[in-house]
Amino acid sequence: QVQLVESGGGLVQPGGSLRLSCAASGRFFRLKTMGWYRQAPGKQRELVAEITSGARTNYADSVKGRFTIARDNAKNTVYLQMHSLQPEDTAVYYCNLDTWTTGEYWGQGTQVTVSS
């Protein structure tokens, strides 16, 4: 059983920064990607950023230049550093781990609210 535990969400003012962390535990094989998705009220869940097993990264256009995804392989942890946050970044952020063989897993979500 794979578990993803997220942390780092919260309330921040426009222009501020936050760092999200997601620690994976349990056994999984043939990692494909780890990443972050978000879902705002009334909207569909969307990809924010992902990093492949080969460390290639992919970002949504809306966050390019502001967000950075990184992974610590030794700790099975993925981070999302977010700068220049705007109210439209407000959402529940979900960690995702996808594999080639043992399925896809989701965290419970962490709320990010950008408001003055």
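Residues numbered from 1 in each chain as written. Predicted model: local features only at pLDDT ≥ 70, side-chain atom pairs only at ≥ 80, totals over all residues. Heavy atoms only, no water.

A. Spotlight on the pattern of salt bridges. A complete count under the given rule lists four salt bridges for this structure. A salt bridge links Arg38 to Asp89, with the nearest nitrogen and oxygen atoms 3.0 Å apart. With Arg38 in strand β4 (residues 31–39) and Asp89 in the loop between β8 (77–82) and β9 (91–99), the pair connects residues that are 51 residues apart, well separated along the chain. Taken individually, Arg38 and Asp89 each receive the classification buried, so the pair is uniform in this respect. With its nearest N and O atoms 3.1 Å apart, the salt bridge here joins Lys64 to Asp61. On the accessibility criterion, Asp61 (66% relative accessible area) is exposed. (Salt bridge = Lys/Arg side-chain N within 4 Å of Asp/Glu carboxyl O. Helix = DSSP H or I, 4+ residues; strand = E, 2+ residues; numbered from the N terminus. Buried < 20%, exposed > 50% of the residue type's maximum accessible area, 1.4 Å probe, protein only.)

B. Structural context of the environment of Thr52. Here Thr52 shows up in strand β5 (residues 46–52). Taking the C-alpha atoms as reference points, Thr52 and Ala70, separated by 18 residues in sequence, lie 10 Å from one another. Apart from the residues lying within four places of it in its own chain, the contact partners of Thr52 are Lys32, Thr33 and Arg71. (Contact = heavy atoms within 4.5 Å.)

C. Region of the structure containing the sheet that holds strand β1 (residues 3–7). Overall, antiparallel pairing links the four strands, which are arranged β1-β3-β8-β7 in an open sheet. Where the open sheet ends on each side, the last strands, each with one partner, are β1 and β7 (67–72). Across the sheet, the mean angle separating the axes of adjacent strands is 15° when strand polarity is ignored. In this sheet, β8 lies alongside β7 in antiparallel orientation, the contact comprising six bridges. Bridge pairing links Ala70 to Tyr79 in β8. (Pairing = 2+ DSSP bridges. Axes fitted to C-alpha atoms, helices over the stretch in contact; angles between N-to-C directions.)

D. Here's a closer look at the pairing of β9. Where burial is concerned, most of β9 is hidden: eight out of the nine residues are buried. The sheet contact formed by β4 and β9 spans eight bridges and is antiparallel. Note that in β9 the partner of Tyr37 across the bridge is Tyr94. Alignment of β9 against strand β11 (residues 110–114), held across three bridges, turns out to be antiparallel. The partner of Ala91 across the bridge, within β11, is Val112. In the sheet, β9 pairs with strand β10 (residues 104–106) via three bridges, with the strands oriented antiparallel. Among the inter-strand pairings, Asn96 is bridged to a residue of β10, identified as Trp106. The hairpin turn running from β9 into β10, its antiparallel successor, is four residues long, and Gly103 in that turn takes a positive phi close to 100°.

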